[in-house]
Amino acid sequence: MPLIFGKTIVAAIAAASLAHAPQDQGASIQQGQEAPVQESAPTQQAKNTFNPQISLVTDFRWNAVDSDKTVRKRGFLKEAELGLASDVDPFLRAEAYISFSDEDGESKAEVEEGFARYNNLAPGLSAKFGKIAAAIGRVQRNHADQLNWLDYPMMVEDYLGADGLRSGGGSLSYLIPGARFNELTLEVLDSHDKGIFAGGSAGAPVVVGAYRTFLDFNEDSSAQVGLSYASGPSPVPGTRSDLIAAEFTYKWVPGDPGRSLNFETEGYWGKQGGDDERKFGGFAAVTYEVRPRLFLYAKYDYSEIPGGSEIHKGPSLGATLKVTEFHHWRAEFQRIESNFADPRNVLNVQFQWVIGAHPAHKY
Amino acid sequence: MKHVLTTLALAATSAASFAVIKVVTTTPDLASIAAAVGGANVSASSLIVGARDPHRIEAKPSYMSRVAGADLFIAIGLELEIGYEQPILDGSRNSRVQIGSSGHLYASDWVTVVDKPTGPVSRAMGDIHPYGNPHIWMDPYNGRIVAIKLAAKFESMDSAHAKDYRSNLAAFESRLDSAMFGSRLVSQFGGGKLWDWQRAGVLRQKLGEAGAAGELGGWVAKMLPLYGKPVVTYHKSFNYFANRFGLKVVDELEPKPGLDPTPGHLAEVIKTIGSTGAKEIIEESFYSSKQAQLVAGRTGAKVVIVPQNVGHDPAAKDYVSLFDVIVDRISQGAR
């Protein structure tokens, strides 16, 4: 591992007292003599079984420092997420994510997402039905374990609820033919119980429309841009809320080992039913890989909380050590300032691991 | 690099204008073979371009758009593309190329796979490939098999140009075989027979019996002095190559697949090099060479940086020239 590499090599060499046996591979080859090339009959890969792909991701937290003395410093398993995915039949692929979380000391189990998707309804057209993450923006569509920092930005919780807008319904998505990626999405979801669409009693659905495009600048650099709009019932009976979201992601990933840059920003302009004016929430974050597997990041959050005049904001600084693709350590310092409470300084440490199915390399 | 990419892009664009079959592959080596066998009737391009570790690719949305229009999607398989294949196929919404359909191929289904784990498999063994080593293209014989299979596939999809595919295949085989054994031997015995002898380990014996031992050329002749010689590699990516050319891979710098070299493991590698006399540490340009240089500095072994895929090096323009570069560097490194 590069982090512990360097001068320690000398000590390690001295300490390596056990003889290391060379590997067996190729042991039958004698210098200067030809031998048959090791071959056997090709076999078809028995990859596809009827068992679903199963994964378990756990997120352990240690609240190391918190200037808010009412918060109990502790270590706790914030979330364990069980993921299942499999083809249902030749037409349908299903995925389900079940979350077991610790909220203020109480355990809670919830189906975060559970849907089945028709990938080929017509050329370019796919549809999914079930409990799905709404196509609003980019960040809240990711599960928390896929974020480049600890938690969702402030505006996600303020506008859509702590885990974003995940609700029952249907989603139609169309990939516009052409060399460039252009995608249109239309969704109708059941009303939500959190955020500006917390209008369950209104009996009206949340309608979401989204457009995403992707730009490949060269081999190393690319960007994704998206715009989305959602309209649905509000917590104030007889009114509707709406939200406009804009997202921009830029990535620089050269072939050189251990160098990459990721810039993400996203803004929500939301109007909750009953509010006179549209409120804004957003974040910008940059993540830089300073050496293989070690990432440093900085993020700034700003959020005008809908339904009032409260605002909170603040910077975050963090570091992630991705020991392997399957587990990482992360430390994040966040300062939270607001117009309704004293500033708060928080330092959290995260230990996250995944077992089972190989994680997807999502953009 | 830019020149190579531009040339490839122009070739793909001009071919695409009248091509019958649109092929998208994951690695550039598969695209190179498909382009050679398909000729003007096939447009072939790869998702991975340039010096990239094929294990660590992200499922870019632009890949989905490219696969959306493909008639044929060819991957290596053996879970090389496990992190990104499924999201790309899902995002493409292309029913022709989904896993299990006739437009989806795994090249590794056609070849002999090495390093299949024989006991229990777990991630304690690193980022292991439970169905075997996926770096199949690193054996030119496997590239030859892939070409034969692709020619048959193209014929089945486009019988009107069957003759073209057969003649393209013959030209590819002739070029590959000549590069492997030397053109004089290929003219005298035919490539098929030479491969049979080489695979059976009797090539030099048969050539000696035919009084043609002195005619041996190509990659085999260049690699002959290294036959049975121990080498160290960074990752388990050269086992197919080593198997074909008789090299003995005695250790890797990675303690386990996918793990970065640790001081403790490098100390063991240094001891292994000392006990086996390995003279070369072979690694790809997309890995850090720091650890290899450190080991080389303590053992006297040479660090040999080679391309792993077409396009990794300006001289590795296609599948055959990829091996020209690899063989030249490894054989020169041994001097």
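These numbers come from a predicted model, not from an experiment. (Residues numbered from 1 in each chain as written. Chains lettered and ligands numbered in written order. Predicted model: local features only at pLDDT ≥ 70, side-chain atom pairs only at ≥ 80, totals over all residues.)

If you tally the helices and strands in chain A, you get two helices and 16 strands. Sequence-distant contacts in chain A: of pairs separated by 6 or more residues, those separated by 24 or more amount to 51%. (Helix = DSSP H or I, 4+ residues; strand = E, 2+ residues; numbered from the N terminus. Contact = placed C-beta atoms within 7 Å.)

Each helix and strand counted, chain B has 14 helices and eight strands in total. In terms of overall dimensions, chain B is globule-like: its C-alpha atoms have a radius of gyration of 20 Å, near the 20 Å expected for 335 residues. When the backbone C-alpha atoms are referred to their principal axes, chain B occupies close to 60 × 50 × 40 Å. Taken over 335 residues, chain B has a buried fraction of 55%. Sequence separation of at least 24 residues holds for 61% of the intrachain contacts in chain B that already meet a minimum separation of 6. (Rg over C-alpha atoms; globule rule 2.2 N^0.38 Å. Buried ≥ 20, exposed ≤ 12 C-beta atoms within 10 Å, placed from the backbone.)

All right, on to the sheet that holds strand β7 (residues 280-284) of chain B then. Within a beta sheet, neighbouring strands are joined by backbone hydrogen bonds and run either parallel or antiparallel to one another. All names here are of chain B. Strands sit in the order β6-β5-β7-β8 across an open sheet of four strands; the sheet is parallel. Each of the sheet's edge strands pairs with one partner strand only, and the pair in question is β6 (248-252) and β8 (302-306). The average undirected angle you get between the axes of adjacent strands in this sheet is 30°. In this sheet, β6 lies alongside strand β5 (residues 230-233) in parallel orientation, the contact comprising four bridges. Bridged to P230 within β6 is K248. Lying on the sheet, helix α12 (residues 263-276) is in contact with β5 and β6; it crosses β6 at an angle near 155°. (Pairing = 2+ DSSP bridges. Axes fitted to C-alpha atoms, helices over the stretch in contact; angles between N-to-C directions.)

Residues and elements named next belong to chain B. Taken domain by domain, chain B comprises domain 1 (2-169) and domain 2 (222-333). With 27 residues of domain 1 at the contact, the number on the domain 2 side is 24 residues. Counting only elements with at least two residues in the side of domain 1 that touches domain 2, the list comes to α1 (2-16), α2 (28-38) and α5 (140-157). (Domains from an automatic or database assignment.)

Below, the discussion takes up the pairing of strand β8 (residues 206-216) of chain A. Residue and element names in this part refer to chain A. Sheet topology places strand β7 (residues 182-189) next to β8; eight bridges connect them, and they run antiparallel. Of the residues in β8, the one forming a bridge with T185 is A210. Here 10 bridges tie β8 to strand β9 (residues 221-233), and the two strands are oriented antiparallel to one another. Residue pairing across strands places F214 opposite Q224, the latter belonging to β9.

Turning our attention to the environment of S231 of chain A. Residues and elements named next belong to chain A. Here S231 shows up in strand β9. C-beta crowding within 10 Å serves as the criterion here: with 18 such atoms nearby, S231 is assigned to the partly exposed category. Between the alpha carbons of S231 and K128 there is a distance of 20 Å; along the sequence they are 103 residues apart.

It is worth spelling out the packing of α12 of chain B against helix α13 (residues 290-299) of chain B at this point. Residues and elements named next belong to chain B. The geometry of α12 relative to α13 is characterised by a closest axis approach of 10 Å and an angle of 40° between their N-to-C directions. As judged from the angle between their axes, α12 and α13 are oblique. The crossing of α12 and α13 is right-handed. Along its contact with α12, which presents L266, V269, I270, I273 and G274, the element α13 presents Q291, L294, V295, R298 and T299. (Parallel < 35°, antiparallel > 145°, perpendicular 65-115°, else oblique. Left-handed = near helix turned anticlockwise from the far one by under 90°.)

Counting 105 residues, the largest nonpolar core has V23, I33, A34, V37, V67, I74 and A147 of chain B as its most contacted members. With residues up to four places along the chain from it excluded, the contact list for A147 of chain B reads I33, A36, V37, L169, F172 and E173 of chain B. Formed by 32 residues, the second largest nonpolar core is a distinct cluster that contains I132, A198, V206 and A230 of chain A. (Core = buried A, V, L, I, M, F, W, Y, C linked by C-beta atoms within 7 Å.)

On to the sheet that holds strand β2 (residues 42-46) of chain B, then. Residues and elements named next belong to chain B. Across the sheet, which stays open at both edges, the four strands sit in the order β2-β1-β3-β4 with parallel pairing between neighbours. With partners counted over all chains shown, the strands left at the sheet margins are β2 and β4 (104-106), one partner each. Neighbouring strand axes in the sheet, compared pairwise and without regard to direction, differ in orientation by 20° on average. Here strand β3 (residues 72-75) runs beside β4; their pairing, made up of three bridges, is parallel. Bridge pairing links A75 to Y106 in β4.

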